[in-house]
Number of protein chains: 2
Amino acid sequence: MNQITKTSAAEKVMVICGVAYTMSNCPVRDVLDNIGGKWNTLIIQGLADGPVRFSALRRMIPDISQRMLTQTLRDLQRDGFLTRTVFPTQPPSVEYALTDLGRSFLAVVLQLVTWSTDNHAQIRDARKAYDEAEG
Amino acid sequence: MNQITKTSAAEKVMVICGVAYTMSNCPVRDVLDNIGGKWNTLIIQGLADGPVRFSALRRMIPDISQRMLTQTLRDLQRDGFLTRTVFPTQPPSVEYALTDLGRSFLAVVLQLVTWSTDNHAQIRDARKAYDEAEG
DNA sequence: CTGCATCCCCGCCGATACTG
DNA sequence: CAGTATCGGCGGGGATGCAG
C-alpha cells in the first residue's frame, strides 16, 4: 500500500517515496518552506548574477517591505543558501551572495519557473473552465 | 539591471527571467500556491500510481483532516491537476486521478523531493551552525 | 544604509458537528 | 462514503517608527 503519512502511537510520521520522516525533520518540508514563502524564490533569483547589496535587492524587488527582506534573507542564510558579509564602511554596507547550495537550489527554482511558464496557459484555462461550470 | 519586481504608476509588476507579470497573473505564483500548501504535494504523490478514492487518500495521509483533503482536492481539480469522477453507487464513491498536467507536475515535485533528500543534511548542518553561532 | 520592534490584519488550517 | 458548515488559533506578512 502506498501510504504517505501515518500516525503512530506517539509520533506523526510521513512516508515519502518509501522513506519515513517525522513532520519536523522532513527534508521536503524544509525545502518547501524556502519555496512556498512569498519572497524566497525572488530573492534567490535576484542573487543569480552575483553578490548584491541590501539596498540593491530592495530596488530589484520594490514590492517587498524591508521587514520581509531582512527576515527572508536571514532565513535563507540560516539554511545555508546564501552568505552575508558586512563591510565596515560608514555607513555600513552588507552584501549577500549565493552559496554553492544556493546556486544548486537556484537550478531547481529555475526549473520551477520554466514549468510554470510552459503550463501557465493550461492552468488558467482549467481554472476558468472550472469557475464557469460551478459558478 | 536585473530588476525582479517594479512598481509602476498603477500596477505592481514583477519581472521574472526578463518577463513582466502582475502579482495576480504571475505563473510562478499560481504554481507556488500548489507547492507551498501543506498537503498539495503529498496528495499529488498519493495519486502517482493511479486513481484513488477519497477514503483511500485519507488512509494514505492520516494526518490530514477531511476538511483540508476536500479543499485541497478541489483546488487541485480547479487548476487542472486532477479529475474527480463520481460513481453512482450506494453509498456513493468518488475517484481522483491525475491529469496529464498533473503527471507533468508530479515530475517537478519528484525532482523537488530528490533535491530535498540529497541536500537535507547540508541544510540541517547549516541551520545548526547558524543557531549555535547566534544563540 | 541596514536592521529591529511593534501593532495588526487576514487567510491557512485544525477540530468538531451535521447532511445526502 | 463523501462531503459541508462553523468556530477559533496561529502565523505570515504589511505599515510604521526607532536605532546604530
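Chains are numbered independently. Their residues run from 1 in the order of the written sequence. Here every chain gets a letter starting at A, and every ligand a number starting at 1, in the order they are written. Residues qualify for local features only when their pLDDT is at least 70, as the model is predicted, and side-chain atom pairs are given and counted only at 80 or more; totals for whole chains, interfaces and linings, by contrast, use all residues. Think of the side-chain values as coming from all heavy atoms in the structure, minus any hydrogens and water.

## A short note on the relation of the copies chain A and chain B
- Mapping chain A onto chain B leaves a residual RMSD of 0.1 Å; the transformation is a rotation of 180 degrees accompanied by 0.0 Å of translation along its axis. Each copy turns onto its partner about a two-fold axis. The rotation axis passes nearest to the C-alpha of A:G36 in chain A, at a distance of 2.0 Å.
- The criterion used for residue contact is that any of the two residues' heavy atoms lie within 4.5 Å. Of the interface residues in chain A, 100% have counterparts in chain B that sit at the interface too, so the contact is made through matching surfaces. The copies are overlaid by a least-squares fit using only the C-alpha atoms of residues whose pLDDT is at least 70 in both copies.

## A closer look at the sheet that holds strand β6 (residues 93-98) of chain A
Residues and elements named next belong to chain A.
- When DSSP finds two or more bridges between two strands, those strands count as paired. Numbering of helices and strands runs from the N terminus; a helix is a DSSP stretch of H or I covering at least four residues, while a strand is a stretch of E covering at least two. Strand order in the open sheet made by the three strands is β4-β6-β5, with antiparallel pairing throughout. Every interior strand has two partners, whereas the edge strands, β4 (52-53) and β5 (82-87), have only one.
- Inspection of the sheet shows β5 paired to β6 by six bridges, in the antiparallel sense. Counterpart to R84 in the pairing with β6 is Y96.

## Comments concerning the protein's contact with DNA strand C
- Inspection of the region around DNA strand C gives 19 residues, with A:S55, A:R84, A:Y96, B:R67 and B:M68 positioned closest.
- Of all atoms in DNA strand C that approach within 4 Å of the protein, 68% are sugar or phosphate atoms.
- Throughout this description, a polar contact denotes any pair of N or O atoms lying within 3.5 Å of each other; where both atoms belong to protein, one of them has to be capable of donating a hydrogen while the other can accept it, and for residues adjacent in sequence the pair is counted only when both atoms sit in side chains. Contacts to DNA strand C include B:K38, whose backbone N or O atom sits 3.1 Å from a phosphate oxygen.
- Note that a base nitrogen of DNA strand C is positioned 3.4 Å from one of the side-chain N or O atoms of B:Q66.
- At the level of elements, α3 (54-60), α4 (66-78) and β6 of chain A together with α4 (66-78) of chain B are the ones that each hand at least two residues to the surface near DNA strand C. Think of it this way: one heavy atom of a residue within 4 Å of a molecule or strand is enough to make that residue near it.

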